[in-house]
Amino acid sequence: MRALTCEKFDQPEALSVQQQPDPVPGPGEVVMEVRAAGVNYPDALMVMGQYQIKPPLPFVPGAEASGVVSAVGEGVRHLQVGQRVVAFTGTGAFASHLRAPAAVVMPLPEGLPFEVAAGLPLAYGTSMHAVLDRGQLRAGETMFVLGAAGGVGLAAVMIGKAIGAKVIAGVSTGEKAQIARDHGADEVIVYSREDLRERLKTLTDGKGPNVIFDPVGGQYAEAAFRSIAWEGRYLVIGFAGGEIPKLPLNLPLLKGASLVGVFWGEYAKRDSRGNAAHLAQLAAWIGEGKVRPLVSRTYSLESAPQAMRDLLERRVTGKVVIVP
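Throughout what follows, the structure given in this document is the object of discussion. Quantities reported herein were computed from a predicted structural model and do not represent experimental measurements.

## Section: the environment of R77
Reasoning step 1: Mapped onto the secondary structure, R77 falls in the loop between β4 (64-72) and β5 (84-88).
Reasoning step 2: Residue classification places R77 among the exposed positions, given a relative accessible area of 70%.

## Structural notes on the side chain of T317
Reasoning step 1: Structurally, T317 is set in the loop between α11 (304-312) and β15 (319-322).
Reasoning step 2: Of the residues examined, T317 reaches a relative accessible area of 13% and is grouped as buried.
Reasoning step 3: Apart from the residues lying within four places of it in its own chain, the contact partners of T317 are A149, K176, I179, L294 and S296.

## Structural notes on helix α3 (residues 120-134)
Reasoning step 1: Most of α3 sits out of view: 12 of its 15 residues are buried.
Reasoning step 2: Among all positions in α3, only L120, P121, L122, A123, Y124, G125, T126, S127, M128, H129, A130 and V131 are buried.
Reasoning step 3: Directly beyond the C-terminal end of α3, a positive phi value near 50° is found at Q136.

## Describing the environment of V211
Reasoning step 1: Positionally, V211 belongs in strand β11 (residues 211-214).
Reasoning step 2: With relative accessibility at 0%, the residue V211 sits in the buried group.
Reasoning step 3: Placed 44 residues apart in sequence, V211 and V167 show a C-alpha to C-alpha distance of 9.6 Å.
Reasoning step 4: If we ignore the near neighbours within four places in the chain, the residues touching V211 are G135, L137, T142, M143, F144, R233 and L235.

## Description of unusual backbone geometry
Negative phi characterises most residues that are not glycine, and trans characterises most peptide bonds.
Reasoning step 1: Of note, the amide linkage connecting L57 to P58 takes the cis form, showing an omega dihedral of -10°.
Reasoning step 2: Mapped onto the elements of the fold, P58 is located in the loop between α1 (41-47) and β4.
Reasoning step 3: For D205, which is not glycine, the phi dihedral falls at a positive 55°.
Reasoning step 4: With respect to the helices and strands, D205 occurs in the loop between α6 (196-203) and β11.
Reasoning step 5: According to the relative accessible area criterion, D205 is exposed, its value standing at 69%.
Reasoning step 6: Of note in this structure, E231 is not a glycine but carries a positive phi near 60°.

The rules behind the values
- Residues numbered from 1 in each chain as written.
- Predicted model: local features only at pLDDT ≥ 70, side-chain atom pairs only at ≥ 80, totals over all residues.
- Heavy atoms only, no water.
- Helix = DSSP H or I, 4+ residues; strand = E, 2+ residues; numbered from the N terminus.
- Buried < 20%, exposed > 50% of the residue type's maximum accessible area, 1.4 Å probe, protein only.
- Contact = heavy atoms within 4.5 Å.

Shown next as structure tokens:
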């Protein structure tokens, strides 16, 4: 098989496509022919040795993939050769074939394109867990989404609207503002050229957003938290802006507000049934047209380092995928 291989922790450009032996499934495993693989911020961090998990070298990056089952190991009953599936494995997806535990492989609904499905587990799984479980967002409440045109941000915008909440999108450019509007955002703040606190105050009649969804971190985190509603929930998703912010702890006290961490990967391990229920609800919303995942670009396996570079430099909107 062909696989993008990381031989040392370095910049994405140091990766190379190599020939490796075709994988064979062990007991409780399947092998899938990869049709598309989602590209995520943690993939790039892992390649550079900056993620909380460091796989033993060499390894094949890529956390999620969709494709067709090509071989089934002993003891696997719910999957069959030829079945369309999606998997979240943490590593190994940037390859022509992927060996995976059957427990993390799920059948795809008919009609869902491989490119769309490949981007669902991490970005949409994270956003479903964040908004529904950790944020407890309810119909009629207001959610402010930072980085609202990115993978997890745009997912949060659509999930918030599907629930029946008012969604305010925060973006860095006018082009990204239009993408957020096209996917349901009620209001948009271009925080690179607007006063974030004043706009949030105006758009919420001085009350502030009930939930703040933050996958960016960096310079806007404190201003956003200072704008939160009484008993608001600030969701810490990640730090795509590159800087981990430091908040004065008197702010949660004065607002009666909560800082809530979101770690979807660990949640999915600990509550596989809850995660499966979220994905079933997501599939239903996609079928109803309430959620319309955006795949803005596809890359070849050879150009996967460029995909990671574009993600790191925040040139990406929605999801980007590798088609090996």
